[in-house]
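Each chain, letter by letter, is given below.
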Amino acid sequence: MDFALNDDQRAIQDAARAFADAELAPHSAQWDEDKHFPVEVMKSAAEMGFCGIYTGEEHGGMALGRVEAAVIFEELSRGDVATAAFISIHNMATWMIDKFGSADLRSRFVPSLVTMDKMASYCLTEPGSGSDAAALRTTAVRDGDHYVLNGSKAFISGAGVSDVYVVMVRTGAEGARGVSTIVVEAGTPGLSFGANEKKMGWNAQPTAVVSFDDCRVPVGNLVGEEGAGFKYAMAGLDGGRLNIAACSLGGARLALETAQEYVTTRKQFGQAIGQFQALQFRLADMATDLEAARLMVQRGAWAIDNDHPEKTKWCAMAKRLATDACFQLADEALQLHGGYGYLKDYPLERIVRDLRVHRILEGTNEIMRVIIARELAR
């Protein structure tokens, strides 16, 4: 086992870190305050290849592995969690089209997605089917050369701003085998959006309901085969869960670094609070938990890159452990700041708010336990 990054991976890490330090971190607080979606900055990230990280080279992707993706998302999220998280979702949706779509579909959509001339959203969750995703009700009925879509999707990142929506719909019977995946373009008649949700965190990206009312989509926009959409959605989520876990790593790392600096300067009872052994032990536990979470993420990434038969289990384990541990780490860092941690003068309250949702999306951590338990029982 070699736990060190190779030269190429370190170069990628350095590039992502430099981009985050220059383009994300200086604006993170203001984007959160203004609820600003930094589209132009994300297009700059695309120029570095960060919007087609594991998409194939044929249409402009970088064709990197999931280990490299985890490294990139950790660095980007240290600059801004919400923006890095949206880039991760865009990567997942783009990869699904590139991996499972026809040659025509790939050539029509992937080139503009990897450059982020067009942005993509992933549409699985519905108002009535969250964790029970296979029970989705949005329908797509074949009518000649088109599918007619009816239904709605909830909690969709990028809704109303994205140009491309990768939508899981019901084309057949109940259950997972009746689900297909269809690409819907912005501007299609019958496609509409709800108001931007008022959220606890992730304020630097829009979230809204996506609705379909007799929305006619060409049959050529079907991704892969009818009835295989749930399989595609779950394959996307294996990597998506690692991406979100990696985004938790970056936010938690910034929280730990902020706490380490604070305890050296904050004085109480005549000395820097970092000299108290109780606080030293807390920092030691925080650093250990962060490293353990990173190792789990890298283990899951390795499993996908090597098509390991237990990759879904490892990804679920990584997502569960990393998102829980990193949220708790950020909360602990806030606690070490006392009342100052609760103020927006420091990044900690924003990190806590942004990391909280990582335990919910891409499959709740309760569902991660269901997946792990099911795999253990085999």
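For the structure, check the block above.
Residues numbered from 1 in each chain as written. Predicted model: local features only at pLDDT ≥ 70, side-chain atom pairs only at ≥ 80, totals over all residues. Heavy atoms only, no water.

Undergrad: Help me understand the layout of surface pockets, please; the structure alone is not making it clear to me.
TA: One simple way to see leftover space: roll a probe sized like a water molecule over the atoms. Taken as a whole, the largest pocket holds about 1,100 Å³ of empty space. For the largest pocket, the lining is made up of 45 residues, of which Thr-125, Ile-360, Leu-361, Glu-362 and Gly-363 are closest to its centre. For the lining of the largest pocket, the secondary-structure elements that each account for two or more residues are α5 (81–100), β1 (120–123), β3 (146–157), α7 (229–265), α9 (311–336), α10 (348–356) and α11 (365–376). A breakdown of the residues in the lining of the largest pocket according to their chemical character gives 22 nonpolar, 9 polar and 14 charged. (1 Å grid on protein atoms, 1.4 Å probe; cavity = no way out; pocket = protein on both sides within 12 Å on 5 of 7 lines; lining within 4 Å. Points joined across faces, edges and corners; volume = space filled by probe spheres on them. Helix = DSSP H or I, 4+ residues; strand = E, 2+ residues; numbered from the N terminus. Nonpolar A, V, L, I, M, F, W, Y, C, P; charged D, E, K, R; others polar.)

Undergrad: Please clarify how the nonpolar core should be interpreted in this entry.
TA: Most often, soluble globular proteins have nonpolar side chains that are buried together. Formed by 99 residues in total, the largest nonpolar core has its most connected members in Phe-73, Leu-76, Ile-97, Tyr-122, Met-168, Trp-202 and Val-297. A per-element tally of this core places α7 first, with 17 residues. Each residue touching Trp-202, except ones within four places of it in the same chain, is listed here: Val-81, Ala-82, Ala-85, Ile-89, Ser-157, Ile-244, Asp-354, Val-357, His-358 and Leu-361. With 18 residues, the next largest nonpolar core counts Ala-159, Leu-191, Val-210 and Val-217 among its residues. (Core = buried A, V, L, I, M, F, W, Y, C linked by side-chain atoms within 4.5 Å. Buried < 20%, exposed > 50% of the residue type's maximum accessible area, 1.4 Å probe, protein only. Contact = heavy atoms within 4.5 Å.)

Undergrad: I'm lost on the pattern of salt bridges in this one. Help?
TA: It is possible for side chains of opposite charge to pair when their charged atoms get near one another. Under the definition given, this model contains 24 salt bridges. Residues Arg-294 and Glu-74 are paired through a salt bridge, measuring 2.7 Å at the closest nitrogen-oxygen approach. With Arg-294 in helix α8 (residues 277–305) and Glu-74 in helix α4 (residues 66–79), this residue pair connects regions lying 220 residues apart in the sequence. The pair Arg-294 / Glu-74 is uniform in exposure class, with both members buried. Of the charged contacts in the structure, one is a salt bridge between Arg-378 and Glu-375, with a shortest N-O distance of 3.5 Å. The exposed category is assigned to Arg-378, whose relative accessible area is 73%. Given the relative accessible area of 17%, Glu-375 is considered buried. Through salt bridges with shared partners, a single ionic network connects Arg-17, Asp-21, Glu-74, Glu-75, Arg-78, Arg-253, Glu-257, Glu-291 and Arg-294. (Salt bridge = Lys/Arg side-chain N within 4 Å of Asp/Glu carboxyl O.)

Undergrad: What is the right way to read the packing of α8 against α9 from this model?
TA: Helix packing geometry: the angle between the two helix axes and the distance between the axes. At a closest axis distance of 8 Å, the pairing of α8 and α9 adopts a crossing angle of 155°. As far as their axial angle goes, α9 and α8 are roughly antiparallel. As for how α8 packs across α9, the hand of that crossing is left-handed. Taken together, the residues that form the contact of α8 with α9 break down as 20 nonpolar, 2 polar and 4 charged. (Axes fitted to C-alpha atoms, helices over the stretch in contact; angles between N-to-C directions. Parallel < 35°, antiparallel > 145°, perpendicular 65-115°, else oblique. Left-handed = near helix turned anticlockwise from the far one by under 90°.)

Undergrad: Hey, could you run me through the packing of aromatic side chains in this one?
TA: Geometrically, a pair of aromatic rings is defined through the distance of the ring centres and the angle of the planes. Following the criterion strictly, the structure yields 9 aromatic pairs and no others. Relative to Phe-50, the ring of Phe-19 lies with its centre 6.2 Å away and its plane at 80°, an arrangement referred to as edge-to-face. In this pair, Phe-19 sits in helix α1 (residues 7–24) while Phe-50 sits in the loop between α3 (39–47) and α4, placing the two residues 31 residues apart along the sequence. For the pair Phe-19 and Phe-50, one class covers both residues: buried. The ring centre of Tyr-54 lies 3.6 Å from the NZ or CZ of Arg-66, which sits over that ring. (Phe/Tyr/Trp six-rings, centres within 6.5 Å; stacked < 30°, edge-to-face > 60°. Lys NZ or Arg CZ within 6 Å of the ring centre and 35° of its normal.)

Undergrad: Before we go on, may I ask you to explain α4 in this structure?
TA: Two residues of an α-helix separated by three or four positions point the same way, owing to the 3.6 residues in each turn. Here α4 contains 14 residues, and its C-alpha end-to-end distance of 20 Å stays within 8% of the 20 Å for a straight helix at 1.5 Å per residue. The buried count for α4 comes to 13 of 14 residues, which makes it a mostly enclosed element. (Expected span 1.5 Å × (residues − 1).)

Undergrad: How should I be thinking about helix α6 (residues 103–114) in this particular structure?
TA: The end-to-end C-alpha separation of α6 is 16 Å, in line with the 16 Å expected for 12 residues at 1.5 Å each. Of all the positions in α6, only Leu-105, Arg-106, Phe-109, Val-110, Ser-112, Leu-113 and Val-114 are classed as buried. Of the surrounding secondary structure, the elements contacted by the buried residues of α6 are α3, α5, β1, β4 (164–170), β5 (179–185) and β8 (222–223). A positive backbone phi angle near 60° is found at Met-116, which sits one or two residues after α6.

Undergrad: What is the right way to read the environment of Phe-3 from this model?
TA: Relative to the helices and strands, Phe-3 is located in the segment before α1. Judged by relative accessible area, which is 58%, Phe-3 ranks as exposed. In this structure the C-alpha to C-alpha distance between Phe-3 and Gln-298, which are 295 residues apart in sequence, comes to 9.1 Å.

Undergrad: Where do I start with the pairing of β1 in this structure?
TA: One face of the sheet, then the other: side chains in a regular strand alternate in exactly this way. With burial as the criterion, each face of β1 is covered, one bearing Ala-120 and Tyr-122 and the other bearing Ser-121 and Cys-123. Bridge analysis of β1 against β4 gives 4 bridges, and the strand direction is parallel. Pairing of Cys-123 across the sheet is with Val-167, part of β4. (Pairing = 2+ DSSP bridges.)

Undergrad: Before we go on, may I ask you to explain empty space enclosed by the protein in this structure?
TA: Evaluation of the coordinates by the stated rule reveals 1 cavity of 30 Å³ or more. In this structure, the largest cavity encloses a volume near 60 Å³. For the largest cavity, the full set of lining residues is Ser-28, Ser-77, Arg-78, Gly-79, Asp-80, Val-81, Gly-251, Leu-254, Arg-350, Ile-351 and Asp-354. Looking at the lining of the largest cavity, the elements that each hand over two or more residues are α4, α7 and α10. The residue inventory of the lining of the largest cavity, partitioned by class, reads 3 nonpolar, 4 polar and 4 charged.

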